[in-house]
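Single-letter residue listing:
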Amino acid sequence: MKKSPFAGKPAPSELLIDVPKLISTYYTEKPDLHERSQQVAFGTSGHRGSSLDCSFNEDHILAISQAIAEYRAKQGITGPLLIGRDTHALSEPALRTAVEVFTPNGVQIMLQAGLGYTPTPVISRAILTYNLA
């Protein structure tokens, strides 16, 4: 593998994302339901996309969270829902949106104390440990 010319150096400003813009567009941009690239799409580790191209925004998280709440209610699932948080810039806004949906739907949620980062493998382990009790 070829070594990047940026290895060991600060990233040039033109390569950095504009985090305030990313967060702002998460809340303000609305996806076009007829545009396939703006529809909810799941990858191997969950919903992926960017608020800058309307492929990951508040409307997506509202819809996904409501669908989860309704599915759990229909299936009679009453145990807690463990939610992780990673270092991506939209992780915190998405977490806030999800909590705003789950709480009024009566879904008990579990988050890491102090709202620390909790990647998928940690959540998987926590679910297994919880289910053993």
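In what follows, the structure referred to is the one given above.
Not measured: the values here are computed from a predicted model.

Asks: Would you explain the overall build of the protein in this entry?
Replies: Secondary structure summary: the protein contains four helices and four strands in total. Beginning at the N terminus, the succession of helices and strands in the protein can be written as α-β-β-α-β-α-β-α. Counting only C-alpha atoms and orienting by the principal axes, one finds that the protein spans roughly 55 × 40 × 30 Å. Considering the protein as a whole, with its 133 residues, one finds that 28% of them fall into the buried category. Sequence-distant contacts in the protein: of pairs separated by 6 or more residues, those separated by 24 or more amount to 63%. Split by element, the accessible area of the protein, about 9400 Å² in all, is 59% carbon and sulfur. Separation of charge centres in the protein, based on 12 positive and 12 negative side chains, amounts to 11 Å.

Asks: Can you help me understand the packing of aromatic side chains in this one?
Replies: The geometry of two aromatic rings is summed up by the distance between their centres and the angle between their planes. If you walk through the whole model with that rule in mind, you get two aromatic pairs. Taking the centre distance of 4.8 Å and the plane angle of 90° together, the rings of tyrosine 26 and tyrosine 27 count as edge-to-face. Residue tyrosine 26 is classed as buried on the basis of its relative accessible area, which comes to 0%. Judged by relative accessible area, which is 33%, tyrosine 27 ranks as partly exposed. One aromatic cluster in this structure is built from Tyr26, Tyr27 and Phe56.

Asks: Looking at this model, I keep getting lost on the pattern of salt bridges. Mind explaining?
Replies: Any two side chains of opposite charge can pair, so long as their charged atoms come close to each other. In the structure shown here, the tally under the stated rule is two salt bridges. Salt-bridge contacts for lysine 30 lead to aspartate 59; the nearest nitrogen and oxygen are separated by 3.3 Å. Residue lysine 30 is located in the loop between α1 (19-28) and β1 (42-43), and its partner aspartate 59 is located in helix α2 (residues 58-75); the two are separated by 29 residues in the primary sequence. Linking glutamate 92 and arginine 85 is a salt bridge whose minimum nitrogen-to-oxygen distance equals 3.4 Å.

Asks: When you look at the nonpolar core in this model, what are you seeing that I'm missing?
Replies: By size, the foremost hydrophobic cluster in this structure holds 13 residues, and its most contacted members are Tyr26, Phe56, Ile61 and Phe102. Contributions of two or more residues to this core are made by α1, α2 and α3 (91-102). Among the elements that make up this core, the one with the highest residue count is α3 (four residues). Contacts of tyrosine 26, omitting those with residues within four sequence positions, involve Ser51, Phe56, Asn57, Glu58, Ile61, Leu90, Pro93, Ala94 and Thr97.

Asks: Even after reading the chapter, I still don't get the packing of α1 against α3, so can you show me in this structure?
Replies: When two helices pack together, their arrangement is given by the angle between the helix axes and the distance between those axes. Put simply, α1 and α3 touch, their axes get as near as 10 Å, and they point 25° apart. Our classification of the angle between α1 and α3 gives roughly parallel. When the axes of α1 and α3 are compared, the crossing they make is right-handed. Contacts from Ile23, Tyr26 and Tyr27 in α1 reach Pro93, Ala94 and Thr97 in α3.

Asks: Just checking my understanding: could you explain the packing of α2 against α3 for this structure?
Replies: Following both chains from N to C, one finds α2 and α3 inclined at 40°, their axes separated by 9 Å at the closest point. It follows from the interaxial angle that α2 and α3 lie oblique. Considering the relative orientation of α2 and α3, their crossing is right-handed. Between α2, through Glu58, Ile61, Leu62, Ser65, Gln66, Ile68 and Ala69, and α3, the contact on the second element is made entirely by Ala94, Thr97, Ala98, Val101 and Phe102.

About the criteria used
- Residues numbered from 1 in each chain as written.
- Predicted model: local features only at pLDDT ≥ 70, side-chain atom pairs only at ≥ 80, totals over all residues.
- Heavy atoms only, no water.
- Helix = DSSP H or I, 4+ residues; strand = E, 2+ residues; numbered from the N terminus.
- Buried < 20%, exposed > 50% of the residue type's maximum accessible area, 1.4 Å probe, protein only.
- Contact = heavy atoms within 4.5 Å.
- Areas by Shrake-Rupley, 256 points an atom, 1.4 Å probe, with all protein chains shown as cover.
- Lys, Arg positive; Asp, Glu negative; His and termini not counted.
- Charge placed at Lys NZ, Arg CZ, Asp CG, Glu CD.
- Phe/Tyr/Trp six-rings, centres within 6.5 Å; stacked < 30°, edge-to-face > 60°.
- Salt bridge = Lys/Arg side-chain N within 4 Å of Asp/Glu carboxyl O.
- Core = buried A, V, L, I, M, F, W, Y, C linked by side-chain atoms within 4.5 Å.
- Axes fitted to C-alpha atoms, helices over the stretch in contact; angles between N-to-C directions.
- Parallel < 35°, antiparallel > 145°, perpendicular 65-115°, else oblique.
- Left-handed = near helix turned anticlockwise from the far one by under 90°.

Purely spatial values, then, with no claim about function.
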